[in-house]
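In case you want the letters, here they are:
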Amino acid sequence: MTTTTDSPPRRAARTRLDLAAPLAAAWLGGWGVLALVSTLTGAGYPFGANDPHGGDVSLLRLVPVDAGAPIFAGVLLLAAVAALAMSGPAAVRRPGLPRALLLGYGWAVVFALTVVVPDARVLVVLGYLPMLIIGAPFGWPPVDYGQVFDWPLAARCAALVGGVLLAGALLLWQRRTAGACPACGRDDDERGWTSPASAARWGRWAAYTAAVIPFAYALTRFAWAAGIPLGIPRDFLAEMRETGLVWAGAGLGAFATVGAILTLGLVRPWGERFPRWLPGLAGRRVPIRLAVVPATLVAVSVTAATLGLLTKPEFWQIGHEFSLASAPMLLWPVWGVALGAATLAYHLRRRGACARCRRPVSRP
């Protein structure tokens, strides 16, 4: 009776997991072929000098345009081959040089696709997205949507998707070849920091840190909307009010405030069960992925934006002219890391016994 009940979840879990590597190989291979076509035709490369928006805050500005496409083609096609090599069931193997090389190359590509390529543009578009969607029927803000959602942005998002797919394939293969459960990563010698009690302790500090930084950013934008020149000259505030830029900043502040509140949900009871005032959802458990997926996306986007800012000389000049307006940006490197840690802690704290290996949650 027990075997009959347990079998379907195990088969379903195995089927979903086995799709990770083929999907990653198909996605990376497809974009690798596009990069190869761009190499042969000399057209379509969307980064560096060919990027009309935000190219100055990306590390890809350092790559010559003529060399960019062939580099992408080689990296993506080789990553697709690596993903195919990780397809299917893998026997448990001892750590060795081939495994280390494959994992090292794979994770380096993941870092490049999720952090280096997207840069600050993805985070900026995510911040403005609510305003763009809500204001589109009313013609506000007065922007050309074709210039916002263009080919360079699509290429950045495609790189982010490819990086996520490859990360899933790598994580699965890494667990399998280490003798751990491919679904949850648990083994017979699990470390104590992953236990719910430990994750609750360090996750609380990470969540509070990740919530304070965007809220501090929002306070400056709300002050400007209210006519208070917090950290900026009064004449500059007057110019922003005349152009309407101050209201765009207020919209970003509202988005940041919502994000800060939702970040606190990673350590609060209402982050596990929906509040009573939500009709139809009151008292129900919050699906783990509903919190983890968007929080991870924001954490990765913030980290990508931070890398671009850190490589821009103008960013370091902000530190020499410290003000209440620049202080939140100086804390961005901490924001991405803290949000990522808080999200991981939320996952570790809420996950139960694995449906595949049946290992229970670890204890401190």
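Residues numbered from 1 in each chain as written. Predicted model: local features only at pLDDT ≥ 70, side-chain atom pairs only at ≥ 80, totals over all residues. Heavy atoms only, no water.

## A short note on the overall build of the chain
Then comes step 1: Within the chain one finds 14 helices and zero strands.
Then comes step 2: Each helix (α) and strand (β) of the chain, taken in turn from the N terminus, gives the series α-α-α-α-α-α-α-α-α-α-α-α-α-α.
Then comes step 3: The long-range fraction of contacts in the chain, counting pairs at least 24 apart against all pairs at least 6 apart in sequence, stands at 77%.
Then comes step 4: On the chain, roughly 19,500 Å² of surface is accessible, and the fraction owed to carbon and sulfur atoms is 69%. (Helix = DSSP H or I, 4+ residues; strand = E, 2+ residues; numbered from the N terminus. Contact = heavy atoms within 4.5 Å. Areas by Shrake-Rupley, 256 points an atom, 1.4 Å probe, with all protein chains shown as cover.)

## Points about the environment of L331
Then comes step 1: Here L331 lies in the loop between helix 13 (327-330) and helix 14 (332-350).
Then comes step 2: Of the residues examined, L331 reaches a relative accessible area of 40% and is grouped as partly exposed.
Then comes step 3: It is 9.3 Å that separates the C-alpha atoms of L331 and P214, two residues lying 117 residues apart in sequence. (Buried < 20%, exposed > 50% of the residue type's maximum accessible area, 1.4 Å probe, protein only.)

## Here's the deal with the packing of aromatic side chains
Then comes step 1: Here the structure, examined in full by the defined rule, presents six aromatic pairs.
Then comes step 2: With 5.8 Å between their ring centres and 15 degrees between their planes, W31 and W151 make a pair best called stacked. One end of the pair, W31, is in helix 2 (residues 20-41); the other, W151, is in helix 7 (residues 151-177), with 120 residues separating them in the sequence. (Phe/Tyr/Trp six-rings, centres within 6.5 Å; stacked < 30°, edge-to-face > 60°.)

## Some thoughts on the packing of helix 3 (residues 65-85) against helix 4 (residues 97-116)
Then comes step 1: In contact at an axis separation of 11 Å, helix 3 and helix 4 are set at 130 degrees when each is read in the N-to-C sense. The angle between helix 3 and helix 4 falls in the class oblique. Seen along the crossing, helix 3 lies across helix 4 with a hand that is left-handed. In contact with G74, V75, L76, L78, A79 and A82 of helix 3, helix 4 contributes L102, Y105, V109 and L113.
Then comes step 2: Per-class residue counts for the contact of helix 3 with helix 4 are nine nonpolar, one polar and no charged. (Axes fitted to C-alpha atoms, helices over the stretch in contact; angles between N-to-C directions. Parallel < 35°, antiparallel > 145°, perpendicular 65-115°, else oblique. Left-handed = near helix turned anticlockwise from the far one by under 90°. Nonpolar A, V, L, I, M, F, W, Y, C, P; charged D, E, K, R; others polar.)

## Remarks on the UniProt feature "transmembrane region" (unreviewed entry) in the chain
Then comes step 1: Per the UniProt record, "transmembrane region" (unreviewed entry) is annotated on residues 20-47, 67-88, 100-133, 153-173, 205-224, 244-267, 288-310 and 330-348.
Then comes step 2: Within the segment residues 205-224, helix and strand shares are 100% and 0% respectively, and the terminal C-alpha atoms sit 30 Å apart. (UniProt positions renumbered as here; feature names shortened; annotations may be inferred.)

## Topic: the nonpolar core
Then comes step 1: Membership of the largest hydrophobic core comes to 32 residues, with the highest contact counts inside it found for L28, F47, F72, M86 and L166.
Then comes step 2: Those elements giving two or more residues to this core turn out to be helix 2, helix 3, helix 4 and helix 7.
Then comes step 3: Among residues more than four places away in sequence, those in contact with F72 are A35, Y45, F47, L60 and V117.
Then comes step 4: Core analysis: the next-biggest nonpolar cluster, separate from the first, contains 22 residues, V57, V292, W332 and A338 among them. (Core = buried A, V, L, I, M, F, W, Y, C linked by side-chain atoms within 4.5 Å.)

## A short note on helix 3
Then comes step 1: Between its terminal C-alpha atoms helix 3 stretches 31 Å, which fits the 30 Å expected from 21 residues at 1.5 Å a residue.
Then comes step 2: Taken together, the buried positions of helix 3 are G68, A69, F72, A73, L76, A79, A80, A82 and A83.
Then comes step 3: Residues of helix 3 that are buried make contact with helix 2, helix 4 and helix 7. (Expected span 1.5 Å × (residues − 1).)

## A few points about the pattern of salt bridges
Opposite charge on two side chains permits pairing when their charged atoms draw close.
Then comes step 1: Inspection of the entire model under this criterion finds four salt bridges.
Then comes step 2: Between E272 and R349 there is a salt bridge, with the nearest N and O atoms lying 2.3 Å from each other. With E272 in the loop between helix 10 (245-264) and helix 11 (288-310) and R349 in helix 14, this pair connects stretches of sequence that are 77 residues apart.
Then comes step 3: A relative accessible area of 24% means that E272 is categorised as partly exposed.
Then comes step 4: Residues joined in a network through salt bridges with shared partners are D51, D119 and R156. (Salt bridge = Lys/Arg side-chain N within 4 Å of Asp/Glu carboxyl O.)

## So, a nonpolar patch on the surface
Then comes step 1: On the surface, V258, I261, L262 and W270 cluster together into a nonpolar patch covering about 380 Å² of accessible area.
Then comes step 2: With respect to the helices, strands and loops of the structure, V258 is situated in helix 10. (Patch = residues over 30% accessible without salt bridge, like charges linked within 9 Å, V, L, I, M, F, W, Y side chains within 5 Å.)

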